[in-house]
Amino acid sequence: MAMEVTQVLLSAQAFDSTVRKHAEETLKQFQEQNLHVFLLSLSGELASEEKPVESRKLAGLILKNALDAKEQQRKYELVQRWLSLDMAVKSQIRAFLLQTLSSNSPEARSTASQVIAKVAGIELPQKQWPELIGSLLSNVHQVPPRVKQATLETLGYMCEEIVPDVIDQDQVNKILTALVQGMNANDGSTEVRLAATRALYNALGFSQVNFSNDMERDYIMRVVCEATHSTEVKIRQAAYECLVSIGSTYYDKLAPYIQVIFNITSKAVREDEEPVALQAIEFWSSICDEEIDLLDEYGGEVTSDSDVPCYYFIKQAIPALVPMLLETLLKQEEDQDQDEGFWNISMAGGTCLGLVARTVGDDIVPLVMPFIEENITKADWRHREAATYAFGSILEGPSPDKLTPIVNVAQNFMLTALTKDPNSHVKDTTAWTLGRIFEYLHGSIAGTPIITPENCQQIITVLLQSMKDAPNVAEKACGALYFLAQGFEDVGATSPLTPYLQEIIQSLLNVSHREDAEKSRLRTAAYETLNEVVRCSTDETARLVVELVQVIMTELHNSLEAQIFSSDARGKQNDLHGLLCGCLQVIIQKLGAFKTTKYDLMQCADQIMNLFLRVFACRSATVHEEAMLAIGALAYVSGPSFAKYMPDFYKDLEMGLQNFEEYQVCAVTVGVVGDICRALEDKILPYCDGMMTLLLKDLSSNQLHRSVKPPIFSCFGDIALAIGENFEKYLMYTMPMLQSAAELSVHASGVDDEIIEYTNLLRNGILEAYSGILQGFKNSPKTQLLIPYSPHILQFLDSLYLEQDMDDIVIKAAIGVLGDLADTLGSTAGTLIQQSLSSKDFLNECLSSDDHLIKEAAEWARLAISRAISV
């Protein structure tokens, strides 16, 4: 029996926070005490025409949130909760939801559409609510346009929620027919046509069979192309969004339509309103993405006749496509450089031009150069900026041989523009383009270097000068300097930057102190560039880096001491702490790599560690992450002497391992435990009980993000390697967990790239754990404790080999574990390996691998196995 909830729902939206909180608490208690009645009451509220729109809308939103969550574990729990509800209750809720699709309130209809889709996402895969699609399709033929519109919207949301194989092809055909008819609706309802077009966008993933049929595909394409001529902007935009999706999903079926699509997109780009024009450009960007992927994967040999065809649509289109894109570059807006998330037609055109350059390579250069030459010196800033943007956009793709002669001519001109052009937009784009030149052509294999002893000083002088310019220009100048430094990373003992390094470091520190450094990410860019300059510096300038330690420590100390009175100021202070910890991490890694500078670093290690410990008092996940990473670097450099910091640091380590909500902090902390184990070896023993308890608790938790779990397994290996046979007391807990995770990882492969990537991370973590445990027990009298586990380890390796879906990292780890088994357990492992299903084949495959790291690991494994068998 539903209950009256209107007043509580209205109170939950009250301006008065006391009233609001009381209502929220009442709703929470109602849900916990009687879920059936709670959900029925909400669906009844949503369906009732007598109720206020505000309460109906919130009722629907709470219903939706009772069915779905972003966090995977919570989502699973909500799904199970819904499936366990009494069928009579669910039937009544469904009836209320379908009834709401006929409501006079657009808000109620739209909310009901979303809730129905969520229910469908749970029930249809379970073969429940089989009559839903039939009910919706019969709705489409109803007279009131509002019912049609709401039903089409529901079908669209539903297609977004479920995977294609949940609906049989006959129903897919009927849904597509309904959507296409809705797009063609002659009843004059814009809302119906718009809902149908948006729904088709979500249904395209279900249309493989239909797109394989020439007649059906022709019909769908005709209707979509006709919709691009609608009088309504939103319908034209939605139709182009469909075309973008078709370009990505059905690239191999596009050939018959590509000329028509070019004609309508070029007209839209030149004449239509910006939301439509942006989607028309996006179509060509999506085609570039497809062809770049095909050419990357299959090389230049791929043709339209290949198994996976490449039609070279972009190569054929460039004589007309490139001029169209160049025209868009002239449609800039006055304030577009100030807002980081800003997007307009000139930016979209430049981005697409960059993708075209990556797709066709050298062929783009002669099509773009006349535009640059014609516009680069014009009086109107828009022409100068567009010419510069065009040049910057085509620097990735064409060969260095093609670009270097042009860059050598253009570079002087651009350095002058960066200091003397009166327009900030032109300077901004010029600095960005210089950064792109240094990123793609500096330090490249081109015969002629673009940075020479003659121009190096001028380049640095101009960039340092530009760092004093407006924040957006200064940020791009920092970026250019970043790539300039990076290009000198492998120059050997002497870097061309050496004479200027002190001035560069000081200039970057000055930028970080600017009053307006918050704007345009300027302070962040300055520290990122400083980090890169330090990373790429040579022995000659080591003293400058040693001096920088004190400077950054002082900055961090002063910031920790500063009095903060507002949440905004606290946020800015936290950002600064994160940047300073990140900078110290890079410095620690750099100085720790050489004996001479390592000594200098260790002189101030106590002060550095003290500052890091103070940073943990800040309540900011980003800062904790950066401080943890820096401590990991310090532990690596300090080695056994890091033990003296453990009593004070351990509580922060514990906090990090328990930070489920900010799981990135937890993941970084797990990595730092590994760093500390490698540094302290058996000196870590007093802390192992506590750490192992927390790590095992993390693994068992449903709240912790799954991405943290593979590193935890690796961490078991690090701990075992550090404490050797003392790991004995943890075997009874860790080995069953590894065993069940191993079984899960063998059968978790799938078509989803994300699942495949995670599965391989999980496998690698498990293998690193086994490797560390095996190596840790080597030469110990307690080795026999591992014998009961060895058949399962081998079975895991066999299963991985037979699945044939390991990435190279997992292959190397797996062959390493095979060698570790033989190396640690000797003849016992030798006998098992000889009986194994696939060890011999796996070893032989690895021995003939093209990857030298896999081959090296396999050579070692072969030796270990030979020794084990001959014992």
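Structural data are supplied above this passage.
Residues numbered from 1 in each chain as written. Predicted model: local features only at pLDDT ≥ 70, side-chain atom pairs only at ≥ 80, totals over all residues. Heavy atoms only, no water.

A.B. asks: For this particular structure, what's the right way to read the nonpolar core?
C.D. replies: Side chains of a nonpolar character, in soluble globular proteins, are inclined to be buried together. Of all hydrophobic cores here, the largest spans 303 residues; its most connected members are M158, V356, F438, F649 and F727. Considering each element in turn, this core owes the most residues, 11 residues, to helix 16 (residues 274–298). Residues in contact with V356, not counting those within four places in the same chain, are C288, I314, I318, L321, V322, L325, G361 and I364. (Core = buried A, V, L, I, M, F, W, Y, C linked by side-chain atoms within 4.5 Å. Buried < 20%, exposed > 50% of the residue type's maximum accessible area, 1.4 Å probe, protein only. Helix = DSSP H or I, 4+ residues; strand = E, 2+ residues; numbered from the N terminus. Contact = heavy atoms within 4.5 Å.)

A.B. asks: What am I meant to see in the side chain of N202 here?
C.D. replies: Note that N202 resides in helix 11 (residues 190–203). Reaching out from N202, the side chain makes a polar contact with the backbone oxygen of G156 at a distance of 3.1 Å. Residues in contact with N202, not counting those within four places in the same chain, are G156, Y157, C159 and E160. (Polar contact = N/O pair within 3.5 Å; in protein donor to acceptor, adjacent residues only side chain to side chain.)

A.B. asks: Please explain the pattern of salt bridges as it appears in this structure.
C.D. replies: Here the idea is simple: oppositely charged side chains can pair when their charged atoms come close. Going through the model one piece at a time under the given rule, you end up with 39 salt bridges. R543 serves as the salt-bridge partner of D600, at 3.2 Å between the closest nitrogen and oxygen. In this pair, D600 sits in helix 29 (residues 595–603) while R543 sits in helix 27 (residues 542–561), placing the two residues 57 residues apart along the sequence. On the accessibility criterion, R543 (48% relative accessible area) is partly exposed. The salt bridge partner of D823 is R867, with a shortest N-O separation of 3.4 Å. Of the two residues, D823 sits in helix 39 (residues 808–825) while R867 sits in helix 42 (residues 852–870), which places them 44 residues apart along the sequence. When salt bridges with common partners are traced through the structure, they connect D428, E475, K476, R521 and E528 into a single cluster. (Salt bridge = Lys/Arg side-chain N within 4 Å of Asp/Glu carboxyl O.)

A.B. asks: So what exactly am I meant to see when it comes to helix 8 (residues 132–140) here?
C.D. replies: All of the buried residues along helix 8 are L132, I133, L136, L137, N139 and V140. Down the axis of helix 8, the buried side of the element spans an arc of 155 degrees, and every buried residue falls inside it. (Arc of directions from axis to C-beta.)

A.B. asks: For this particular structure, what's the right way to read the packing of aromatic side chains?
C.D. replies: Two aromatic rings, taken as a pair, are described by how far apart their centres are and by the angle between their planes. For the structure shown, the criterion picks out 17 aromatic pairs. Between Y251 and Y311, the ring centres sit 6.0 Å apart and the planes meet at 50 degrees, which makes this aromatic pair tilted. Taken as a pair, Y251 in the loop between helix 14 (233–249) and helix 15 (258–271) and Y311 in the loop between helix 16 and helix 17 (313–328) lie far apart in primary sequence, 60 residues in all. Accessibility expressed as a relative area gives 4% for Y251, which makes it buried. Look at F616 and F649: their rings are 6.3 Å apart centre to centre, the planes differ by 35 degrees, and that puts the pair in the tilted class. Of the two residues, F616 sits in the loop between helix 30 (605–615) and helix 31 (621–638) while F649 sits in helix 32 (residues 646–657), which places them 33 residues apart along the sequence. (Phe/Tyr/Trp six-rings, centres within 6.5 Å; stacked < 30°, edge-to-face > 60°.)

A.B. asks: How should the environment of Y389 be read in this particular structure?
C.D. replies: With respect to the helices and strands, the residue Y389 is situated in helix 20 (residues 381–393). Judged by relative accessible area, Y389 falls into the buried class, the value being 12%. When the C-alpha positions of Y389 and E725 are compared, they lie 62 Å apart, and in sequence the two are 336 residues distant. Those residues in contact with Y389 that lie beyond four places of it in its chain are L329, S346, M347, G350, T351, T429 and W432.

A.B. asks: What's the story with unusual backbone geometry in this structure? I'm lost.
C.D. replies: For residues besides glycine, phi is generally negative; the peptide bonds are generally trans as well. Positive phi outside glycine occurs at Y312, with the angle close to 50 degrees. Assignment of secondary structure puts Y312 in the loop between helix 16 and helix 17. Judged by its relative accessible area of 23%, Y312 is partly exposed.

A.B. asks: Any chance you could explain a negative patch on the surface here in plain terms?
C.D. replies: Taken together, the side chains of E282, D289, D293, D296 and E297 define an acidic patch exposed on the protein surface. Checked against the element boundaries, D296 lands in helix 16. (Patch = residues over 30% accessible without salt bridge, like charges linked within 9 Å, V, L, I, M, F, W, Y side chains within 5 Å. Areas by Shrake-Rupley, 256 points an atom, 1.4 Å probe, with all protein chains shown as cover. Lys, Arg positive; Asp, Glu negative; His and termini not counted. Charge placed at Lys NZ, Arg CZ, Asp CG, Glu CD.)

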